[in-house]
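Examination of the molecular architecture
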Amino acid sequence: MRVPDADLFNPQSIMDSDFSPGGASASASVDPDFGFAFDDSNFSDRTLRIEIMPDLPETKSDGGGCCSIADWARNRKRRREDFKKENDFIGQSEEQILNCNLPYMVDGVTYENQDEEAMAMVEESPSDIGLNSNQIGNGSTYNNDSSKNMDCSKVLRVKTIHISSPILAAKSPFFYKLFSNGMKESEQRHVTLRIHASEETALLDLLSFMYSNTLSTTTPTALLDVLMAADKFEVASCMRYCSRLLRNLPMTCESALLYLDLPSSVLMADAVQPLTDAAKQFLAVRYKDITKFQEEVLNLPLTGIEAVFSSDDLQVASEDAVYDFVLKWARTHYPKLEERRGIFATRLSRVIRFPYMTCRKLKKVLTCIDFDPELASKVVLEALFFKSEMPHRQRALAAEEANATYRRFVERAYKYRPVKVVEFELPRQQCVVYLDLKREECTHLFPAGRVYSQAFHLGGQGFFLSAHCNMDQQSSFHCFGLFLGMQERGSVTFAVDYEFAARSKPTEDYVSKYKGNYTFTGGKAVGYRNLFGIPWTAFMSDDSIYFINGILHLRAELTIRQ
């Protein structure tokens, strides 16, 4: 295990392979296999005494006793709630007590005061094995409250394992600090470790991994137990290994939500990031079309909602629908207004892409009591500024968020395509509507598809545009059609003059393609089946004059007839 020309206890020289970004497979492939030396006195310099203490009453079925991943989750959640208090490590010249129930720590060794159930690790002299943990060394007594409160009479059983301090120190900063802290206890040959009974199997598997770089266990619950143990003892290579094995197992909604609900110390570890990313992707794909799973999605926890609504591929009518659904979910799960405002401020507002909401819905955000007024003003102003940007600037802002978790400026695959609208009240009621379609979107329209715009309003009445791939009037070839429709609202009658235009090369200016007038009644639409007067193949060709940087720019101008 010795590294040539390196200090055995120099973290830079012995830990690089375990904590490099290479991942579990890379670490396992370069690290030597010392499995033959595990628990062998001939290759060990210390003895690890493991005292197995009773579990808390609520967690007796924890760990290997769980028959399903759901049982594991319930028991682990109760377990975590029992260990909320944390204290800093207190080191005195004659004592060293290290807690083994802490989350991942990088700045120091710490311990908890958990009365009789707190688990501690204590360095002992060889002659003191079997003594009360309050009596260590040559008659010296530990006065730390954590030790005083331990009832050693509750020890269920004891396991003794021969260990190699260089091997453990090379794999774990936890053990590195223990064996190289400069105190006299770091030179003693016997170490006592107290753990709960539910942690026994996972700890033994972890110790074995630190020698052999592999695990014999393959069940999800057992791997999660080892993952938690690896997090506690800071064995990053084992965390990567467990994460990779869990990713390779069949994912379910239950397991995906569990991976996203692991303790924050685990979730913040780079070693587990691929697992949480896979869980988010699974949920995003599973609930891609939320219209089919509305009740199921409504019952998801917060982590599930964040995973689903952070996806670019979410199939939803519009961002207005996202806002309405998230608001409904928040009111269901957080009935208290203060809590609801807090969760919107810290978590939920990030999954709503306000720049793609309609101006009418943004006005409602400003008056929505579920949002803190300052937050509401912030997101609405940001959305309006984005809408006012030139298209190339909008694309640049979206590109800047390419690798971000929450992407405010990236457009989803909306069922109803966003539009830009300029409204005029004088000298007559009029609006100009801009609709942009990507080449890929047009490609998917063939042979008989259609895409609808978001609704826009004129004179208090809702309208929409729809782009079609249809047959020309003689049904001789496919072509691109554009239509204007009025939303269904009773038997109202509306007379409108309209004009369709499109940008085209080489000038890239809007060129009028069709003018007309129509008296609308609810649900009716009017337009032109072959807007450009050419077959579909010519419209979609590589040298088409209507696609500018891969975008088809359409414009509709509507005026209420006097």
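Up top is the structure.
All of the points below concern the structure found in this document. (Residues numbered from 1 in each chain as written. Predicted model: local features only at pLDDT ≥ 70, side-chain atom pairs only at ≥ 80, totals over all residues. Heavy atoms only, no water.)

Let's talk about helix H15 (residues 302-309)
Taken across its eight residues, H15 has eight buried, putting it largely inside the fold. Every buried residue of H15 is listed here: Leu302, Thr303, Gly304, Ile305, Glu306, Ala307, Val308 and Phe309. Buried residues in H15 make contact with helix H11 (253-260), helix H13 (273-286), helix H14 (294-298), helix H16 (319-333) and helix H17 (337-346). (Buried < 20%, exposed > 50% of the residue type's maximum accessible area, 1.4 Å probe, protein only. Helix = DSSP H or I, 4+ residues; strand = E, 2+ residues; numbered from the N terminus. Contact = heavy atoms within 4.5 Å.)

What about the environment of Cys359?
Structurally, Cys359 can be placed in helix H18 (residues 359-366). Linking Cys359 and Asp320, residues 39 residues apart in sequence, is a C-alpha distance of 9.8 Å.

Considerations on the pairing of strand S19 (residues 551-560)
In terms of burial, S19 is a largely internal element, nine of the 10 residues being buried. Looking at chain direction, strand S10 (residues 430-438) and S19 are connected through nine bridges and run antiparallel. What sits directly across from Leu435, in S19, is Leu554. Relative to S19, strand S15 (residues 493-504) runs antiparallel, the two sharing seven bridges. The partner of Val496 across the bridge, within S19, is Ile560. Summarising the sheet, strand S18 (residues 547-548) and S19 pair through two bridges and their orientation is antiparallel. Within S19, the position partnered with Phe547 by the bridge is Leu552. Two successive antiparallel strands, S18 and S19, enclose a turn made up of two residues, where Asn549 displays a positive phi of approximately 55°. (Pairing = 2+ DSSP bridges.)

Concerning the environment of Ala37
As for its placement among the helices and strands, Ala37 is situated in the loop between helix H3 (23-30) and strand S1 (46-53). Taking the relative accessible area as the measure of exposure, Ala37 reaches 3% and is therefore buried. Sequence spacing of Ala37 and Ser212 is 175 residues, and the spatial spacing of their C-alpha atoms is 9.1 Å. Those residues in contact with Ala37 that sit more than four places away from it in its chain are Phe43, Ser44 and Tyr211.

Details of the packing of aromatic side chains
Scanning all chains against the criterion turns up 33 aromatic pairs. Members of the aromatic cluster, each reached through a chain of ring pairs, are Phe446, Phe480, Phe532, Trp536, Phe539, Tyr546 and Phe547. Above the face of the Phe547 ring, Arg439 is positioned so that its terminal group lies 4.3 Å from the ring centre. (Phe/Tyr/Trp six-rings, centres within 6.5 Å; stacked < 30°, edge-to-face > 60°. Lys NZ or Arg CZ within 6 Å of the ring centre and 35° of its normal.)

What about unusual backbone geometry?
The step from Leu426 to Pro427 runs through a cis peptide bond, and the omega angle for that step is 0°. Considering the arrangement of structural elements, one finds Pro427 in the loop between strand S9 (420-424) and S10. One non-glycine residue, Glu234, adopts positive backbone phi at about 60°. As for its placement among the helices and strands, Glu234 is situated in the loop between helix H9 (220-232) and helix H10 (236-248). Despite not being glycine, Asn549 has its phi angle at roughly 55°, a positive value. Judged by its relative accessible area of 74%, Asn549 is exposed.

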